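Residue-level listing of the chains:
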Amino acid sequence: MWPGGTFSFEVKEVLHKEKSKYQDILVLDTTSLGRVLVLDGIIQCTQKDEFSYQEMISFLPLCCHKNPEKVLIVGGGDGGVAREVAKHPLVKEIVQVEIDDKVIEVSKKYLPFMAVGFESKKLKLHVGDGFEFMKNHSQEFDVIITDSSDPVGPAVSLFQENYFALMKSALKPNGIVCSQAGTYWYSMDLVSSTLKICKNQFPKAAYATTSVPTYPSGQIGFVIGSLDSDVQFDKPTLTFSRQDELSMNLRYYSTDVHKAAFALPTFVKNELEK
Ligand code: PUT
């Protein structure tokens, strides 16, 4: 994940280690990053910086939709995305489908600062395959958020065209999708191919960026696609005041950060325009 380099941190204790039906699960307690969840050897989240990823993958699509009442989360077994989506004032119902019940179980035990998301009264949690789930739920959701691991192992199918087509069919008119789509520093091909797939399926699509220091390169982004051809991703339909940020306990996302997330470096724009 760090081509030609390494990333290291001091581990105080290995809190949990198991091989589930789908992947290797490891939870660490560390000196500088707090608790860390690692799946198949890849950092998924650390207590120090998880809020950047969880807030951005949630609020970017939610705040681009005029009325995001019903939201589907695919993946997100640590509970962090559910925690953020539940904060949005217009969201009434959240359905989450996570394939690996062991990730949910381990997160509830060791990562309560994220797993608190599972306690929301708005949430219905299913253990199963998001792909299969959507085949039986057409035109049902306003927003679909895919919080997946990287495209190795169980998440490969979530970066493919038939997955984006299926999400499109599960959306209501004017629906929006948002998916983890990799870093432009080390995985430009993935960013570019995921955006192309999204553009094939949705009249409006873009890549937005955020900073997560413990992910490869410290940068990760999201592909966001909308069925509403009038949407302007960098002009959120719902804006938050400073008071809203504080009362919703937002630590990374703000209306200004939202607008800036769609401003990409020139070399990235050049690649994505090809
Ligand atoms: N959902 C976690 C994303 C991990 C990216 N490397």
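Scroll up to find the structure.
Since this is a predicted model, take the numbers as computed values, not measurements. (Residues numbered from 1 in each chain as written. Predicted model: local features only at pLDDT ≥ 70, side-chain atom pairs only at ≥ 80, totals over all residues. Heavy atoms only, no water.)

Caption draft 1: Region of interest: the packing of helix α6 (residues 161-170) against helix α7 (residues 188-201). Running from N to C, α6 and α7 cross one another at 40°; their axes reach a closest spacing of 9 Å. Classified by the interaxial angle, the pair formed by α6 and α7 is oblique. Note that α6 runs across α7; the crossing there is right-handed. Only T194, I197, C198, N200 and Q201 of α7 make contact with α6, whose side of the interface consists of E161, F164, A165 and K168. Taken together, the residues of the contact of α6 with α7 break down into 4 nonpolar, 3 polar and 2 charged. (Axes fitted to C-alpha atoms, helices over the stretch in contact; angles between N-to-C directions. Helix = DSSP H or I, 4+ residues; strand = E, 2+ residues; numbered from the N terminus. Parallel < 35°, antiparallel > 145°, perpendicular 65-115°, else oblique. Left-handed = near helix turned anticlockwise from the far one by under 90°. Contact = heavy atoms within 4.5 Å. Nonpolar A, V, L, I, M, F, W, Y, C, P; charged D, E, K, R; others polar.)

Caption draft 2: Representation of the sheet that holds strand β4 (residues 42-46) in the model. Spatially, 4 strands are ordered β1-β2-β3-β4 in an open sheet, and the strand pairing comes out antiparallel. Where the open sheet ends on each side, the last strands, each with one partner, are β1 (11-19) and β4. If you compare each strand with its neighbour and ignore which way they point, the axes differ by 20° on average. Strand direction decides the pairing type here: β1 and strand β2 (residues 24-30), joined by 7 bridges, are antiparallel. Each bridged residue has a counterpart across the sheet, and for K19 the counterpart in β2 is D24. (Pairing = 2+ DSSP bridges.)

Caption draft 3: Here's a closer look at the site of the ligand. Contacts to the ligand come from Q44, Y53, D147, S148, D150, Q180, Y215 and I220. Within the contact set of the ligand, a nitrogen atom lies 3.0 Å away from a backbone nitrogen or oxygen of S148. Taking 240 Å² as the accessible area of the ligand by itself, protein coverage stands at 96%. Comparing atom positions with the cavity grids shows the ligand to sit within the largest pocket. Tallied by class, residues from the shell around the ligand come to 3 nonpolar, 3 polar and 2 charged. (Near = heavy atom within 4 Å. Polar contact = N/O pair within 3.5 Å; in protein donor to acceptor, adjacent residues only side chain to side chain. Areas by Shrake-Rupley, 256 points an atom, 1.4 Å probe, with all protein chains shown as cover. 1 Å grid on protein atoms, 1.4 Å probe; cavity = no way out; pocket = protein on both sides within 12 Å on 5 of 7 lines; lining within 4 Å. Sits in = over half its atoms within 2 Å of the grid points.)

Caption draft 4: Structural context of the layout of surface pockets. There is about 700 Å³ of room inside the largest pocket. Along its surface, the largest pocket is lined by 43 residues, and Q44, S148, S149, D150 and A155 are the ones closest to its centre. Sorting the residues of the lining of the largest pocket by element identifies β3 (35-39), β4, α1 (50-62), β5 (70-75), β6 (93-98), α5 (130-135) and β11 (219-226) as the ones contributing at least two each. Of the residues that constitute the lining of the largest pocket, the class distribution is 22 nonpolar, 16 polar and 5 charged. (Points joined across faces, edges and corners; volume = space filled by probe spheres on them.)

Caption draft 5: Region of the structure containing the nonpolar core. Formed by 44 residues in total, the largest nonpolar core has its most connected members in L60, V71, V85, Y253 and F262. Mapped onto this core, the elements with two or more residues apiece are β3, α1, β5, α2 (80-85), β8 (141-147), β9 (171-180), β10 (204-211) and β11. By residue number, the principal contributor to this core is α1, which donates 6 residues. Filtering out sequence-adjacent residues up to four positions away, L60 remains in contact with E55, A208, F222, I224, Y253, H258, A261 and F262. Residues L158, A181, V191 and L195 belong to the second largest nonpolar core, which totals 34 residues. (Core = buried A, V, L, I, M, F, W, Y, C linked by side-chain atoms within 4.5 Å. Buried < 20%, exposed > 50% of the residue type's maximum accessible area, 1.4 Å probe, protein only.)

Caption draft 6: Expanded view of the sheet that holds β8. Taken in spatial order, the 7 strands of this open sheet run β7-β6-β5-β8-β9-β11-β10, and their pairing is mixed. Of all strands in the sheet, those with a lone pairing partner are β7 (123-127) and β10, marking the two edges. On average, each strand axis in the sheet is tilted by 15° relative to the strand beside it, whichever way the strands run. Bridge count for β5 against β6 is 5 bridges, and the pairing is parallel. Residue pairing for β6: V71 is matched across the bridge by I94. Against the sheet, α1 engages β5, β8, β9, β10 and β11, with an angle of about 155° to β8. Here α7 sits on the sheet and contacts β10 and β11; the angle it forms with β10, its principal contact strand, is near 145°.

Caption draft 7: Molecular detail of the pairing of β3. The buried fraction of β3 is high, at 4 of 5 residues. Pairing of β2 with β3 involves 5 bridges; the strand directions are antiparallel. When the bridges of β3 are listed, L28 appears paired with V36. Looking at chain direction, β3 and β4 are connected through 4 bridges and run antiparallel. Across the sheet, residue V36 finds its bridge partner in β4, namely T46.

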